[in-house]
Structures are given as C-alpha cells and as structure tokens.
Amino acid sequence: MSIWLDGALRDATTASVSVFDHGLTVGDGVFETLKTVDGKPFALTRHLDRLTRSARGLGLPDPDHDEVARACAAVLAANPMPLGRLRVTYTGGQAPLGSERGAHGPTLVVAVSETTRRPDSTAVVTVPWIRNERGALTGLKTTSYAENVVALARAREQGASEALFANSVGQLCEGTGSNVFVVLDGEIHTPPVPSGCLAGITRALTVQWTGAKETDLPLDVLERADEIFLTSSLRDVQAVHRVDGRELPGAPGPVTAKAMRIFEERSGADLNP
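Quick caveat: nothing in here was measured; it's all calculated off a predicted structure.

(A) Focus on the packing of aromatic side chains. As enumerated under the stated definition, the model contains four aromatic pairs in all. On the numbers, 5.2 Å between centres and 80° between planes, the contact of Phe31 with Tyr145 is edge-to-face. Taken together, the residues span a long stretch of sequence, with Phe31 in strand S3 (residues 29-37) and Tyr145 in the loop between strand S7 (121-131) and helix H4 (146-157) at a distance of 114 residues. Given the relative accessible area of 4%, Phe31 is considered buried.

(B) Representation of the pattern of salt bridges in the model. In total, this model carries 10 salt bridges according to the counting rule given. Here Arg118 ties to Asp120 by a salt bridge, and the two come within 3.2 Å at their closest N and O atoms. According to the relative accessible area criterion, Asp120 is partly exposed, its value standing at 37%. Among the charged side chains, a network of salt bridges with common partners joins Arg117, Arg118 and Asp120.

(C) Up close: the packing of helix H2 (residues 44-58) against helix H3 (residues 65-78). Close contact between H2 and H3 brings their axes to 11 Å; oriented N to C, the two are set at 130°. Of the possible angle classes, the one that applies to H2 and H3 is oblique. Relative to H3, H2 is oriented so that their crossing is right-handed. Only His65, Val68, Ala69 and Cys72 of H3 make contact with H2, whose side of the interface consists of Leu44, Leu48, Asp49, Leu51 and Thr52. Its residues assigned to classes, the contact of H2 with H3 comprises six nonpolar, two polar and one charged.

(D) Summary view of the environment of Glu162. Mapping Glu162 onto the fold places it in strand S8 (residues 162-167). Of the residues examined, Glu162 reaches a relative accessible area of 1% and is grouped as buried. Counting along the chain gives 60 residues from Glu162 to Gly102, while the straight-line C-alpha distance between them is 36 Å. Those residues in contact with Glu162, other than ones at most four positions away along the chain, are Ala123, Val124, Val125, Leu152, Ala155, Gly175, Thr176, Gly177, Ser178, Leu230 and Arg235. Among the polar contacts listed, one links the side chain of Glu162 to the side chain of Ser178, at a separation of 2.8 Å.

(E) Seen up close, the sheet that holds S3. The strand order across the open sheet formed by six strands is S2-S1-S6-S5-S3-S4, and the pairing between neighbours is antiparallel. The open sheet has two free edges, formed respectively by strand S2 (8-11) and strand S4 (40-41), since each of these has just one partner strand. Pairing analysis gives two bridges linking strand S1 (residues 2-5) to strand S6 (residues 107-114), with the strands arranged antiparallel. Considered in S6, the bridge of Trp4 is made with Val110. Set on the sheet, H2 makes contact with S3, S4 and strand S5 (83-91); between it and S3 the angle comes to about 170°. Sitting on the sheet, H3 is in contact with S1, S2, S3, S4, S5 and S6, with an inclination near 30° to S6.

(F) Representation of the pairing of strand S13 (residues 227-232). With respect to burial, S13 is a largely interior element, six of its six residues being buried. The alternating pattern of S13 places Glu227, Phe229 and Thr231 on one face and Ile228, Leu230 and Ser232 on the opposite face, and all of these are buried. Sheet analysis places strand S10 (residues 179-184) next to S13, joined by five bridges and oriented antiparallel. Along S13, the bridge assignment pairs Val180 with Leu230. With four bridges joining them, S13 and strand S14 (residues 236-243) adopt antiparallel strand pairing. Across the sheet, the residue bridging to Phe229 is Ala239, located in S14. Counting the residues between successive antiparallel strands, the hairpin from S13 to S14 contains three residues.

Parameters and conventions
Residues numbered from 1 in each chain as written. Predicted model: local features only at pLDDT ≥ 70, side-chain atom pairs only at ≥ 80, totals over all residues. Heavy atoms only, no water. Phe/Tyr/Trp six-rings, centres within 6.5 Å; stacked < 30°, edge-to-face > 60°. Helix = DSSP H or I, 4+ residues; strand = E, 2+ residues; numbered from the N terminus. Buried < 20%, exposed > 50% of the residue type's maximum accessible area, 1.4 Å probe, protein only. Salt bridge = Lys/Arg side-chain N within 4 Å of Asp/Glu carboxyl O. Axes fitted to C-alpha atoms, helices over the stretch in contact; angles between N-to-C directions. Parallel < 35°, antiparallel > 145°, perpendicular 65-115°, else oblique. Left-handed = near helix turned anticlockwise from the far one by under 90°. Contact = heavy atoms within 4.5 Å. Nonpolar A, V, L, I, M, F, W, Y, C, P; charged D, E, K, R; others polar. Polar contact = N/O pair within 3.5 Å; in protein donor to acceptor, adjacent residues only side chain to side chain. Pairing = 2+ DSSP bridges.

What follows is the structure, given as structure tokens:
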C-alpha cells in the first residue's frame, strides 16, 4: 500500500509523521473522506472546497488544491480497487508541545483503503451528548473526533451503525459521520447548517436533487417520522430501519427509495457534480 506524505508517494509501512505533529498532539487538523469508484474520486472539487473552508476555520494556510488533487490521483493509481475510501488529512504540522503552532508548515497525508457497498438500511441510536452549534469548531471537519469515537462506540454496543446528536437547544442535528433526513407527510426534511451539523457533500447533493427542505426539527421528530435516512460520502443515501427502540418496517420506504435511486443515477452520471 502506498500513501502520499508531504510531496511524494511512500510505502505505508515505513512512512512516518513526527510525534510532535500538531494533528497528533492537539488535534489541530482537518480532513476529507471521499468515495472512489474504479480509481476515480467522487465530488473531488466539493471536497477540496470544504477542506479549504475547514482549514480557514482553524487558521491553517489554504491547502494547494492542485497538489491535493495530484496526491489523490497518485494514491489511487498506485492502489487500484473497485470501491475505496480516500482520506485527505491536513494538519498544523510539527510544533512545540502545547497549543501554539510551530513554523514547520502543514502536513499533508493522502491514503486509501478498500471498502464495500453499505447495506440498504441500518439501525441508529440517539445519544445523551450534544453538538454545540456555537462552538469554535462547529461546521468544520476537523481531526478532533474523540466525541464521535465515544458516541459511535455507544451505537455499536446497541447494535447500530450510527449515533445521532441533538444540539444545545434540543433540535435534531447530525450523526457522528453522517447527516440525517426525515420524511413527514411525504416531504423530506433535514436540519439546516446553523443547527450545528456539518455541511455534508452528500447532504447538499441530496437536498439539490430531491428538493428536501432545510428545517429546524425537534429531536423527538425521530419518534414520529414516516421515514428516516442518512447521507454521507460512503453511505450515499441509506435508509434507517430502527432508531433506538422504534422499528420502521419496510425500510427503505417509498420516499427514501426514490431518493436512493435519484442519488445513484445522478452521481453515476457525473463523478464531479
């Protein structure tokens, strides 16, 4: 397996990042995860734009889009696979111990691993922790992911693949690595970005392609929604058949099934929408 590290392809078994890298010591970094199909990344331009927004939110220098795109192409060419998870990580680079950044410059890592198509439906749970819609990292895709690790472990313990958060005012927000949609009276709704959720790439395309409405929703909407589904780069559109103790028989329902079909057709026709 070959990865890209700071300007070149390297053997993954011997490539190394400094133990003083700010991404390791204090979580000072941003990242993107892309789906790849037959060696080609999906929605690369949108992911690069979000990588830059996240970097600016942390005060990191803008990543060089051309360099990142070259790195992605090189990694994918060196590691052929039918369906992959491509990860771009961009950190504050080597720095003194503590919160202050050093002068070494950012670290760029690009790696890929093989994956399989997700099931058509899954189970989710709600968790007692919240998203802070007014936090310094809100809306940024950062490497400070420990909250998500803890919440996802709780979901796995309960036989689910995702955990859903409310925000500080009790509104439905997002999953650990996904956005959430609900169907009410035949209409698709999803929490707006000001709720504190990540502006997901698949979320944005689903809103655009299905006409979903961005709506402030109470967390208990999950108890009465006709259908629920998740979106993310690797899930695409995935139905929910259980939320906590509530079963949603027949998932994916008709509205979700249509959204799944639309996304598959549109994304298949254009790999960089």
